[in-house]
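Each chain, written out:
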Amino acid sequence: MELLESKANTKSTYIYLFIVGIVLIAFNLRPAITSLGPLVGMLQEDIGLAHWSAGLLMSLPLVVFAIMSPLVPKIANRLSNEMTLIIGLTSLLIGISIRSIPMTFFLFAGTLLAGLGIAIGNVLLPAVVKDKFPDKFGLMTSVYSTSMGLIAALASGVSIPLAMDLNLGWQGAQIVWAIPVVVAILVWVFLRKNNGKDSRVIQKKAGADSTTLWRTPLAWQIAIFMGFQSFLFYVTISWLPEILHSHGISMGTAGWMLSFTQLVGLPASFFIPVLAGRAQSQVWISFMLGMCAVVGYSGLLLGASYPILIVSIVLIGIALGGSFPLALTYIGLRARNANQAAALSGMTQSTGYILAAVGPLFIGYLYDMAHSWTIPIITLILVSVVVIIFGMLSGRNRYV
């Protein structure tokens, strides 16, 4: 009897530690990107980066995500989920460390390695959750997606205070984010030591899932939904301050309003996956989120008064905060097992980050052509309609 209780306690402790490991992975998937943006001006002064080089630096992780995402399930199939995650975290740690060296080569090489590490975590996290918590997929997606959003907003906010108020410089403000990576590596080394065989056995059944998915209409519907909601997110992160500034708001206030847009989406980031996991069909959820985006971007088009702009960014924040975790939830709900989840995650995130990388450049090009934000914002409204259509198609109760 005591032996059974001991085994039950050990298993319970392992599950709790696994949840901690998932949250730690989520903590490390955004700071290396969101902490860099506020420091770009300091980087340009110190290293002498041109504006196009700075733009390339910010887009490089997204390009890496697009290239790596379909490959990650194959790597995990050979090694195991845990080992692949450890490799990803190690790549992220090395990347953060060497890009703190004030030389252009190390800055770009470090960003490349950090992007590789984040891409691995992006793809495998839904598969790991599907594997370990198949009956609690919506709740666990809420936990880690909210963790991602919270730490992303925090990283953006504290970069300048770390660099200037604490006199760490841009190098120190970057190296701080190596600390949670080290903690995550230690936890996942322990988890792998105690569970390496299980995930190998599961992964060996992956087989043809990754190839057949590319010919499956439902998989493409999810991929297009993921892609265009990513398009909206990264365009908003890149251009919302400039759009608000065009309505007479100072750049300082516009920057805080961008942070507010991310923070107001956190409740949606938590509750949407829970609601989606409990519902047989997610069509209505996708429709409501999409309409928030349509109305929100329409408000930016009007921009007649400060209250209209505030309501607009609240609606945009809810739409963006809920759409990304809904896309992650679709990966688990539409897949039959962890293998399909990993393959579907790789496919959808590859498509998503291609569109995410193109989005800010395309919208910027439209602005340069029109010398006005009207056409770019109309484009965002049309993309929001596309998000509604493919979100509703993805939300039907089916499997890939």
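Just above sits the structure.
Cut-offs used in this document
Residues numbered from 1 in each chain as written. Predicted model: local features only at pLDDT ≥ 70, side-chain atom pairs only at ≥ 80, totals over all residues. Heavy atoms only, no water. Helix = DSSP H or I, 4+ residues; strand = E, 2+ residues; numbered from the N terminus. Contact = heavy atoms within 4.5 Å. Core = buried A, V, L, I, M, F, W, Y, C linked by side-chain atoms within 4.5 Å. Buried < 20%, exposed > 50% of the residue type's maximum accessible area, 1.4 Å probe, protein only. 1 Å grid on protein atoms, 1.4 Å probe; cavity = no way out; pocket = protein on both sides within 12 Å on 5 of 7 lines; lining within 4 Å. Points joined across faces, edges and corners; volume = space filled by probe spheres on them. Nonpolar A, V, L, I, M, F, W, Y, C, P; charged D, E, K, R; others polar. Phe/Tyr/Trp six-rings, centres within 6.5 Å; stacked < 30°, edge-to-face > 60°. Polar contact = N/O pair within 3.5 Å; in protein donor to acceptor, adjacent residues only side chain to side chain.

Colleague: Please explain the side chain of Ser394 as it appears in this structure.
Modeller: Within the secondary structure layout, Ser394 lies in helix 18 (residues 374-394). Ser394 has contacts with Leu218, Gln221, Ile222, Phe225, Tyr330 and Arg334, leaving out every residue within four places of it along the chain.

Colleague: Teacher, can you tell me more about the nonpolar core here?
Modeller: Inside soluble globular proteins, nonpolar side chains tend to come together where they are buried. Ranked by size, the top nonpolar core spans 118 residues in total, and within it Ile22, Trp188, Leu244, Tyr297 and Leu300 carry the most contacts. Ranked by the residues each element gives to this core, the list is headed by helix 12 (residues 217-246), at 13 residues. Setting aside chain neighbours within four positions, we find Leu300 in contact with Leu240, Ile243, Leu244, His247, Leu309, Ser312, Ile316 and Ile377.

Colleague: Please explain the layout of surface pockets as it appears in this structure.
Modeller: Space left empty within the atom packing is revealed by a probe, the size of a water molecule, rolled over the atoms. One number sums up the size of the second largest pocket: a volume of about 360 Å³. Together, 20 residues line the second largest pocket, and Pro134, Asp135, Gly277, Arg278 and Leu333 are the ones closest to its centre. Mapped onto the lining of the second largest pocket, the elements with two or more residues apiece are helix 8 (137-165), helix 14 (266-278) and helix 16 (306-333). Residues belonging to the lining of the second largest pocket are distributed by class as follows: 9 nonpolar, 6 polar and 5 charged.

Colleague: Explain the packing of aromatic side chains to me, please; I cannot follow it from the model alone.
Modeller: Between two aromatic rings, the relevant description is the distance of the centres plus the angle of the planes. This structure, assessed with the given rule, holds 12 aromatic pairs. Seen in terms of ring centroids, Trp214 and Trp220 are 5.7 Å apart; in terms of plane orientation they differ by 75°. Their pairing is edge-to-face. The class of Trp214 is partly exposed, set by a relative accessible area of 34%. Pairing Tyr234 with Tyr353 gives two aromatic rings, centres 6.4 Å apart and planes at 65°, and the pair type is edge-to-face. Here Tyr234, found in helix 12, pairs with Tyr353, found in helix 17 (residues 338-370); they are 119 residues apart in sequence, far enough to count as distant. Classification of Tyr234 as buried rests on a relative accessible area of 12%. Look at Tyr353 and you get buried, because its relative accessible area is 4%. Aromatic ring contacts, followed pair by pair, group Phe65, Phe233, Tyr234 and Tyr353 into a single cluster.

Colleague: Can you help me understand empty space enclosed by the protein in this one?
Modeller: Enumeration over the complete set of coordinates arrives at 4 cavities of 30 Å³ or more. By volume, the largest cavity amounts to about 50 Å³. Lining the largest cavity, in full, are Ile25, Asn28, Leu29, Leu85, Gly88, Leu89, Leu92, Gly117, Ile118 and Gly121. Considering each element in turn, the lining of the largest cavity owes the most residues, 4 residues, to helix 6 (residues 81-98). Of the residues contributing to the lining of the largest cavity, the split by class is 6 nonpolar, 4 polar and no charged.

Colleague: Where do I start with the environment of Ser91 in this structure?
Modeller: Looking at the element boundaries, Ser91 is found in helix 6. Residues Ser91 and Leu113 lie 22 residues apart in sequence; the distance between their C-alpha atoms is 5.5 Å.

Colleague: Please clarify how the side chain of Ser147 should be interpreted in this entry.
Modeller: Note on placement: Ser147 falls in helix 8. Within the local environment of Ser147, its side chain forms a polar contact with the backbone oxygen of Val143, the two atoms lying 2.7 Å apart. Leave out the neighbours within four places in its chain, and Ser147 touches Val23, Ala26 and Phe27.

Colleague: What is the right way to read the environment of Met42 from this model?
Modeller: Among the secondary structure elements, Met42 is positioned in helix 3 (residues 40-47). Between the C-alpha atom of Met42 and that of Gln171, which follows or precedes it by 129 residues, the distance is 10.0 Å.

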